[in-house]
Amino acid sequence: MRHELKIDDRTLSYLDFGGPGRPLLALHGGMSEALAFTGLAAALGDGWRVIAPDQRGHGDSGRAPDYHREGYVSDAVALLDHLGLDAPVTLLGYSLGGLNAYHLAAAHPDRISALIGVDAAVEIRIPTGPNWFDFLDGLPYTAPTREDLLAAAGPAAPFVADGLRPLRDGSGWRLAYHPQDMLDSIRACDGDHWDTWLASTCPALLVHGTRSQALTQAAADAMVARRPKTSYAPLDGDHFVPFTDPEGFHAAVGTFLATL
């Protein structure tokens, strides 16, 4: 079920898949939204209560003044407080959400009992030349109709189609995110995050697409070797392996959760 809370003058929208199980806070990747975890919630069944926010600037959540780690982390803490989840919870994050997740675990170790990172790197270098996210430059945020927005998106249309939604005032359609916000969010990921990855001590799992463009095999091996109590689940796929191999992803997560 979808709910929302107010943080300052912003809306943070979230899905609570419900159930009697232990809470699992799930943070989606960049240019995505909470609905990405619908399959995971179904696969885990009643054993886990999956709670997934549309992170700031994504989905039905409001745009934010910045997209640095501190903001993403504070939103997640505000959600835990709003839900009255004072006891430590299990935390999962994919890609951007994975980066936010291990920053949250490091900053608030008393709130996190276990950590699952899904193809989330620790050494992130955003290239200054042409890159895969160049399509965001010039991508329109709104259009009078859904068809107009897809046409204006051009080659990016298949990538953005699932997230399109009507504007609340009925004047047209919009993307699931503002392109400039996503550019700001991507650039804010740049840096060496090793100290943060190593700062938490809870049990952890790294789910890795072994052909990932974002996380090399050598980097994944180092993340597991250098952080105590970290398990490794390789999946044959690229960075988008949770979507290209959902059964493998759900099984890897379920197997780890069963050990807790």
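In this text the structure is predicted, and so the values were computed from the model without any measurement.

> Break down the overall build of the chain for me, with residues and values.
From N to C terminus, the chain includes 10 helices and 13 strands. Here the C-alpha radius of gyration of the chain, 18 Å, is about what a compact globule of 260 residues would show, namely 18 Å. In the chain, which comprises 260 residues, the proportion classed as buried is 53%. Contacts spanning at least 24 positions in sequence make up 73% of the contacts within the chain whose residues lie at least 6 apart. Of the roughly 11400 Å² of accessible surface on the chain, 55% is carried by carbon and sulfur atoms. Here the chain contributes 19 positive and 32 negative side-chain charges, whose respective centroids are spaced 3 Å apart.

> Can you lay out the layout of surface pockets for me, pointing to particular residues and giving the numbers?
If you add up the space inside the largest pocket, you get close to 1200 Å³. G30, S95, W132, H239 and F240 are, among the 40 residues lining the largest pocket, the residues nearest its centre. At the level of elements, α3 (96-107), β7 (123-124), α5 (157-160) and α6 (179-187) are the ones that each hand at least two residues to the lining of the largest pocket. The residue inventory of the lining of the largest pocket, partitioned by class, reads 25 nonpolar, 10 polar and 5 charged. If you go around the second largest pocket, you meet 17 residues; those closest to its centre are D60, S61, G62, R168 and R174.

> Tell me about the packing of helix α2 (residues 69-82) against α3, and name the residues and values.
Contact geometry for α2 and α3: axes closest at 9 Å, N-to-C directions at 75°. Relative to α3, α2 is oriented roughly perpendicular. Note on element contacts: α3 touches α2 through L96, L99, N100, H103 and L104, opposite R69, Y72, V73, A76 and V77. Of the residues assigned to the contact of α2 with α3, the class counts are 7 nonpolar, 2 polar and 1 charged.

> Any details on the sheet that holds strand β5 (residues 89-94)? Residues and values, ideally.
If you trace the 8 strands from one edge of the open sheet to the other, you get β1-β2-β4-β3-β5-β6-β12-β13, paired in mixed fashion. If you trace the sheet from one side to the other, it starts and ends with β1 (2-7) and β13 (230-235), each paired once. Across this sheet, the average inter-strand angle for adjacent strands is 20°, counted without regard to direction. Relative to strand β4 (residues 48-53), strand β2 (residues 10-16) runs antiparallel, the two sharing 3 bridges. Of the residues in β4, the one forming a bridge with D16 is I51. Lying on the sheet, α2 is in contact with β1, β2, β3 (22-27), β4 and β5; it crosses β1 at an angle near 115°. Lying on the sheet, α3 is in contact with β3, β5 and β6 (112-118); it crosses β5 at an angle near 145°.

> Account for the pairing of β6, with residues named and values stated.
Summarising burial for β6: 6 of the 7 residues are buried, a large majority. Where β5 lies against β6, 6 bridges are found, and the strand directions are parallel. Across the sheet, G93 pairs through a bridge with G117, a residue of β6. In this fold, the crossover linking β5 to β6 by way of α3 has right-handed handedness.

> Which residues make up the nonpolar core, and what values go with them?
Note on soluble globular proteins: their nonpolar side chains tend to be buried together. Counting 41 residues, the largest nonpolar core has L25, L79, L91, L104 and L115 as the members making the most contacts within it. Among residues more than four places away in sequence, those in contact with L25 are I51, P53, A76, L79, L80, T90, L91, L92 and L104. Core analysis: the second largest hydrophobic core is formed by 26 residues, A26, A41, I116 and V253 among them.

> So, empty space enclosed by the protein: which residues are in play, and what are the values?
What the rule picks out here adds up to 2 cavities of 30 Å³ or more. L12, L27, P53, Q55, R56, Y72, D75, A76 and L79 are the residues that line the largest cavity. Per-element tally for the lining of the largest cavity: the top contributor is α2, with 4 residues. Broken down by class, the residue content of the lining of the largest cavity amounts to 6 nonpolar, 1 polar and 2 charged.

Cut-off values and rules
- Residues numbered from 1 in each chain as written.
- Predicted model: local features only at pLDDT ≥ 70, side-chain atom pairs only at ≥ 80, totals over all residues.
- Heavy atoms only, no water.
- Helix = DSSP H or I, 4+ residues; strand = E, 2+ residues; numbered from the N terminus.
- Rg over C-alpha atoms; globule rule 2.2 N^0.38 Å.
- Buried < 20%, exposed > 50% of the residue type's maximum accessible area, 1.4 Å probe, protein only.
- Contact = heavy atoms within 4.5 Å.
- Areas by Shrake-Rupley, 256 points an atom, 1.4 Å probe, with all protein chains shown as cover.
- Lys, Arg positive; Asp, Glu negative; His and termini not counted.
- Charge placed at Lys NZ, Arg CZ, Asp CG, Glu CD.
- 1 Å grid on protein atoms, 1.4 Å probe; cavity = no way out; pocket = protein on both sides within 12 Å on 5 of 7 lines; lining within 4 Å.
- Points joined across faces, edges and corners; volume = space filled by probe spheres on them.
- Nonpolar A, V, L, I, M, F, W, Y, C, P; charged D, E, K, R; others polar.
- Axes fitted to C-alpha atoms, helices over the stretch in contact; angles between N-to-C directions.
- Parallel < 35°, antiparallel > 145°, perpendicular 65-115°, else oblique.
- Pairing = 2+ DSSP bridges.
- Right-handed = clockwise from strand over helix to strand, strands pointing away.
- Core = buried A, V, L, I, M, F, W, Y, C linked by side-chain atoms within 4.5 Å.

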